[in-house]
Every structure is written in C-alpha cells, then in structure tokens.
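Report on the structure
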Amino acid sequence: MGIFNKHLFNGTNLEKLLFLFLALFHLIPIVSYQFFPTLDGPAHLYNSNLINELLLNPNSNISQYFEFNSALITNFSGHFLLSFFNWFLPAFFAEKVFLVLYALGIPYSLRYLIKQINPTGIGLSYFSFPIIYSTVFLLGFYNFSIALVFFFFALGYWYKHQDNMTKFSRKLILAGLILLTLFSHLFVFAVLLLCLFLPVFFDFIPIRINKTINFKSQWTKIKALAIVSFVPFLLLVYYFLSRPSSSKSSYLSLEQLTNNLMNMDCIIAFNASFEGSHASFILLSICILIFAKVGARIYSITQNKSSSSVFKKQDVWLVMAFVLLGMCFYLPNSNSFGGFISNRISLLFFLLLIVWLSTEKISKFILIPCVALMIYSSGNLVNYYKKTMFDLTQLATNCFETAEYIEEGSVVLPLNYSNEWNTGHYSNFLGIEKPMVILDNYEAVNDYFPVRWRPNSVPKPWGEPMANNSFNCLDLKNDKWQGLQIDYIFIIKNSQNNRVNCDEQYDGILKEDYSLVHENERCLLYRFNKSI
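Since the model is a prediction, treat every value here as computed from it, not as a measurement.

Side-chain pairs of opposite charge can arise whenever the charged atoms involved come near each other. Tallied over the full model, the rule gives 11 salt bridges. Where D163 meets K221, a salt bridge forms, and the shortest distance between an N and an O atom there is 3.2 Å. Of this pair, D163 sits in the loop between helix 9 (142–161) and helix 10 (168–182) while K221 sits in helix 13 (residues 215–241); the two residues are 58 residues apart in sequence, bridging distant segments of the chain. When its relative accessible area of 6% is taken as the criterion, K221 is described as buried. Between E360 and R297 there is a salt bridge, with its nearest N and O atoms 2.6 Å apart.

Written as structure tokens, this is what we have:
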C-alpha cells in the first residue's frame, strides 16, 4: 500500500499511464460504431459540408439556397474544424476525429490547468472523465463543448507564464486561445475573462496588508491580460451592440434548479434512473472532498490561531464557482439565443469547484477512495453510452445510406415520424457528404451559425415550418406551399416501423406525384415523378 500511495497521483510515469488508459477507455462509445449520434450533431456535420460546398463550388445549386452569415458570429469553431476534416476525410470519420479531439481535450486541458496551479492536486484531474459525456455534449452542442477545451488550455497557459509574459510569442499564443474560446462559445468566453482577471485583482487584497508583495508585478499582469484580451473584448462588445436583445426567455423554478444541481443533472442525458444513480456517486465523491478540504482548513485555523488561514488566495476559484452558481439561479434557462443555459452553467460550476479542490493537497487516504468511486461510476456510464449508441447508430446509418439514391443539389423534404426525442435532425445525415438542400436546417434559420438561408430562396410560407421543423402535416396540394420544387420526400418511420400523424394527407400526393425509390428498416425515399 505504501508503494501504491507513493506512485499514485504524483505525476510519475505510472500515474501518467493510468490517466492515458482511462482517457482512451472513455473513447469507447465514440469509436465503437460508424456514427456517434447526438441531437444536433447531424446538423453540425451537414452544415460543415455546406460550408465546403460554398467555399469550393460557389456556383453550385447549393449557393442558390444558402450563403455565409455576414454578421459577426461566435459559434463556429466546431463547424470549421468539422469542415476541415470533412474536406479530406469521409464525413463519419471527420466527425469522429473531432469528437476524439474533444474527448481527449477535456481531461488533458483540465489536467494542464491543475498542474500549473498546484502539481500536487493532479489527482483531481480524474474528475474530468465523467464530464466528457455531459448532457450538452450528448445533445450535440459541439461549439460549447470544444470551447471548454480552449477555456482550460487558455487558463493553464496563463498560469504557467503569467510572471513572464514579456515575450511576444506568449502573448500571441494566449490571445489565440482566447480568440478560439470566443469563436467557440460566447458564454464560455465571458467566464474565461472572469477567471483570468478576477484572480489578479484578488491579489491586490493581500497587497494592502503585506507590503512585501510586488505591487508593480500585479499591474504588469493586468496590462498583459488587457493586451491579449483587448481585441476579443472589442469583438464581444460589437457582437452585443449589433444584435437585438434576446427574447422568449423561460426560467426554471427554484425547486427545479436546486434538484438539477443536487442530482448533478449536467451529466444526465438519456436515463435519469441509471445515469442519475452514478451521477449521485460522483457528486458524493466531490462532496467528501469538499468536507475534507473545509475540515483541514478549520483545523489549520485552530492550530495557527491566525485569521490569514480563513481565506486564501486560491479560494478565488471558489468565489468564481459561486458567481456561476448565482448566474444559474438568475439567468433564464432558454432564450432566443439558445437553450439548456442552466445546465451549461452548472457544468462550469462543478468544473471550477474541481479546480478549487485541486489548489491544496488532499490526503491520499481520502482522495484515492473518492477517485476510485468516481472511476467506477464513470466506467459504468461509458458502458451504458456504448450500448445506447448501438441503437441510435442503426437509424443514423439507415439515413446516411439513403443519400445514395438522391441526386446532388436536390431539394429534400424530411418527414420525421420517429418517437425518439434525440433524432429530430437525423434527416441531416443525408447531406453530410453529398451536397443537397434539406429543408430541416435549424442552423440556417437562426442567425448565430455560419450558414444561413439566402433571402427569398424559399417561398415565405415555408419559413414557419422550417423554423419549427414541423413538416409532418403540410398539405402540399394547397396553393400556399407551391413555388418550391420538392425533388424528394424522405420519411423516417417510428421505432414500431410505421408512420403516424397525417398519413392520409401525404399518401395522396405520394401516390400521384412521387415514386418510391428506396426503403430500408426505418427510412422511405420518394422521388418526384417529373424529375425522373
């Protein structure tokens, strides 16, 4: 046991190999099947293909319907990474490379930060593993997810070089990481600024008490941060000034928010019972470490009999965590700019709490059992997600294979009768490699993604069903829907292998004007007769 304690959680080669093994183990759900289906993932992959088509074939039929968003957007780094990989790799493999970079980036970026703050706290970096499969990641919020990687690398780089930022190359690297965070997700960027500046300002508190601290050094840090964040901050200001204020805000109740935090809802996506039980073990481990740290602090105070032990410099991480906790209860859960806001903030809250726990050494007799319990729960969740993805990837594959029977540049009307909540954008799997116009493209409807619908490319009445992805009950015989040539109608059947809702309404036009050209386990594809 003595040898075990000596080599575990102290940055030795044995510990590094253990961390690498666990990091690779957590890739299993991502690499096991052809696809790793999420709610918004197919839409991101489809739009990354549209980006390549607009860049490489600007005169194609696609450019008649789509164009690049000319407004300043802060939600596109994931799209352009996917576009880059999709440029020379098969679409499913391009997404897999992106997801692997994210899944390895989360644990190693948090570990990098903790190592700069307190190398003896490296054991807390293991708590990054259950964060990989967070709710927002499994929902397919790729830009927010990759922003967390840039967020931790930026903080780690600053803590490593904050006392010597005179080199231009260091300023350039930090500014680049800050910009990458900004162009990944606006809120994560705002939290990054908080985490960069607040600790430096907190250093001024002991300056007033202890004159031995170098006042000039603190101002030098502030100036360095001001220089590297000046351009990103101006872009942030411009973004808000050029945008209308958010609307359609909705809030969760105090009881809901409290329950979500107490259940660690930010890492639960599919099965509240199974995932929730393991989330509770992970939360229990964190709580034990909090009590251990607070207990050690109280003991130190009683032994030293000094008020200087009550609040330490590194407790600024706890302050920042509670700032986020306050935001979680104050901000809406959704508005016109996005949803699941409370879930995202609570995820960041727990991550900053983990960083705070790492700032002081915790007894290995407490840390090792807590990490072991967390790894046990995280391992069970990995196995569960692997099984869950097996079922989802079957439908994704059915959709993707159907694209073979669609001509490039065609307009496709998707009818999704699936009864699975997270398959809302699975029709987008049709266009992840072959360029086509799929009317279900929620990103092109919203003004905070790289690609948008070209004005007047689609008749105005289509705007509402396209915005709500509600095509299932349209009467295409009605003059209201004329003016748009629908080349293909793509149907996703429900898990009982049949269709529901408005069957009769569509059956007429399918029999008269369309021909069935492909069918598989869950999909039907009809082609307009006049285009044959």
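Here the focus is the sheet that holds strand 2 (residues 411–416). Think of a sheet as strands paired side by side through backbone hydrogen bonds, with each pair either parallel or antiparallel. Taken in spatial order, the five strands line up as 3-2-5-7-6 in an open sheet, and their pairing is mixed. Two strands bound the open sheet, and with one partner strand each, they are strand 3 (437–438) and strand 6 (514–519). In terms of strand pairing, strand 2 meets strand 3 through two bridges, oriented parallel. Directly across from V411, in strand 3, lies its bridge partner V437.

There is a patch of nonpolar side chains on the surface, built from L55, L56, F68, F80, F84, W87 and F88 and spanning about 740 Å² of accessible area. Going through the elements one at a time, helix 4 (41–56) and helix 5 (77–88) are the ones with two or more residues in the nonpolar patch. For the nonpolar patch, the leading source of residues is helix 5, giving four residues. Residue position: L56 is located in helix 4.

Glancing now at the environment of N52. Along the chain, the position of N52 falls in helix 4. The exposure class assigned to N52 is buried, which follows from its relative accessible area of 11%. Measuring from C-alpha to C-alpha, the distance between N52 and W87 comes to 6.9 Å, with 35 residues separating the pair along the chain. Setting aside chain neighbours within four positions, we find N52 in contact with N57, S83, N86 and W87.

Turning to the nonpolar core, a few remarks are in order. If you look at the biggest cluster of nonpolar residues, it comprises 174 residues, and the most contacted ones within it are F66, F151, M264, W317, L413, W462 and I489. In this structure W462 touches L413, L439, F471, L474, L476, W481, L484 and I486, once residues within four positions along its chain are discounted.

With that settled, consider the pairing of strand 2. In terms of burial, strand 2 is a largely internal element, six of the six residues being buried. Residue alternation in strand 2 divides its side chains into two sets, V411, L413 and L415 and V412, P414 and N416, and both sets are buried. Judged from the five bridges that link them, strand 2 and strand 5 (residues 488–492) form a sheet pairing that is parallel. From the neighbouring strand, L415 faces strand 5, where its bridge partner is I491.

Here the focus is the environment of N441. Structurally, the position occupied by N441 is in the loop between strand 3 and helix 19 (442–445). For N441, a relative accessible area of 0% gives the class buried. In the structure, N441 is positioned 385 residues away from L56 in sequence and 21 Å away in space, judged by C-alpha atoms. Setting aside residues up to four positions removed in sequence, N441 forms contacts with Y46, N47, L50, F66 and W453. Within the structure, N441 has its side chain in polar contact with the side chain of N47 (distance 3.0 Å).

On to the packing of helix 11 (residues 186–202) against helix 13. In contact at an axis separation of 11 Å, helix 11 and helix 13 are set at 160 degrees when each is read in the N-to-C sense. If you check the angle between helix 11 and helix 13, you find them roughly antiparallel. Where helix 11 crosses over helix 13, the handedness of that crossing is left-handed. From helix 11, L186, F189, L193, L196, F197, V200 and F201 reach across to helix 13, where they touch Q218, K221, I222, L225, A226, S229, P232, F233, L236, Y239 and F240. Partitioning the contact of helix 11 with helix 13 into residue classes produces 15 nonpolar, two polar and one charged.

For the protein chain, per-residue confidence averages 88 on the pLDDT scale, and 92% of positions sit at 70 or higher. Note on residues 1–6: pLDDT under 50 across the span, and five contacts to partners over four residues away in sequence or across chains. Confidence drops under a pLDDT of 50 for residues 207–211, and excluding neighbours within four residues, the segment shows three contacts in the predicted structure.

Let us look at the pairing of strand 7 (residues 523–528). Along a regular strand, successive side chains alternate from one face of the sheet to the other. Burial analysis of strand 7 places five of its six residues in the buried class, which makes it a mostly covered element. Bridge analysis of strand 5 against strand 7 gives five bridges, and the strand direction is antiparallel. The residue of strand 7 that forms the bridge with I489 is Y526.

Now for helix 9. If you check helix 9, its first and last C-alpha atoms are 29 Å apart, about what 20 residues at 1.5 Å a residue would give, namely 28 Å. With respect to burial, helix 9 is a largely interior element, 18 of its 20 residues being buried.

Another point: helix 15 (residues 272–304). Given a rise of 1.5 Å per residue, 33 residues ought to cover 48 Å, and the 46 Å separating the end C-alpha atoms of helix 15 matches this to within 8%. Among all positions in helix 15, only E275, G276, H278, A279, I282, L283, S285, I286, L289, K293, R297 and S300 are buried. For helix 15, the secondary structure elements touched by its buried residues are helix 7 (129–132), helix 14 (254–262), helix 17 (341–358) and helix 18 (364–402).

Basis of the calculations
Along each chain, residues carry numbers from 1 onward, in the same order as the chain's sequence is written. Only residues with pLDDT of at least 70 are given local features in this predicted model, and only at 80 or more are side-chain atom pairs given and counted; all residues enter the totals for whole chains, interfaces and linings. As a convention, hydrogens and water are excluded, and side-chain values are obtained from all of the structure's heavy atoms. What counts as a salt bridge is simple: a side-chain nitrogen of Lys or Arg found within 4 Å of a carboxyl oxygen of Asp or Glu. Counting from the N terminus, the helices are the DSSP runs of H or I reaching at least four residues and the strands are the DSSP runs of E reaching at least two. Only protein chains enter the accessibility calculation, which uses a 1.4 Å probe; a residue whose area is less than 20% of its type maximum is buried, one above 50% is exposed, and one in between is partly exposed. For two strands to be treated as a pair, DSSP must find no fewer than two bridges joining them. Each patch is assembled from residues with relative accessible area greater than 30% and no salt bridge, linking like charges that lie within 9 Å and nonpolar side chains (Val, Leu, Ile, Met, Phe, Trp, Tyr) that lie within 5 Å. All accessible areas in this document rest on Shrake-Rupley with a 1.4 Å probe, and a residue is counted as covered only by the protein chains that are shown. Only heavy atoms enter the contact rule, under which two residues are in contact if any of them lie within 4.5 Å. Take the buried residues of types Ala, Val, Leu, Ile, Met, Phe, Trp, Tyr and Cys, join any two whose side-chain atoms come within 4.5 Å, and each joined set is a nonpolar core. Polar contact criterion, stated in full: a pair of N or O atoms within 3.5 Å, where within protein one must be able to donate a hydrogen and the other to accept it, and residues adjacent in sequence count only if both atoms are side-chain atoms. Each axis is a line fitted through C-alpha atoms, taken for helices only over the stretch in contact, and angles between the N-to-C directions span 0 to 180 degrees. Roughly parallel means an angle under 35 degrees; roughly antiparallel means over 145; roughly perpendicular covers 65 to 115; every other angle is labelled oblique. For any pair of crossing helices, the crossing counts as left-handed if the nearer helix is rotated counterclockwise from the farther one by less than a right angle, and right-handed if it is rotated clockwise. Classes in brief: Ala, Val, Leu, Ile, Met, Phe, Trp, Tyr, Cys and Pro nonpolar; Asp, Glu, Lys and Arg charged; the others, Gly included, polar. The predictor reports its confidence for every residue as pLDDT, a score running from 0 up to 100. Helix span, expected: 1.5 Å multiplied by one less than the number of residues in the helix.

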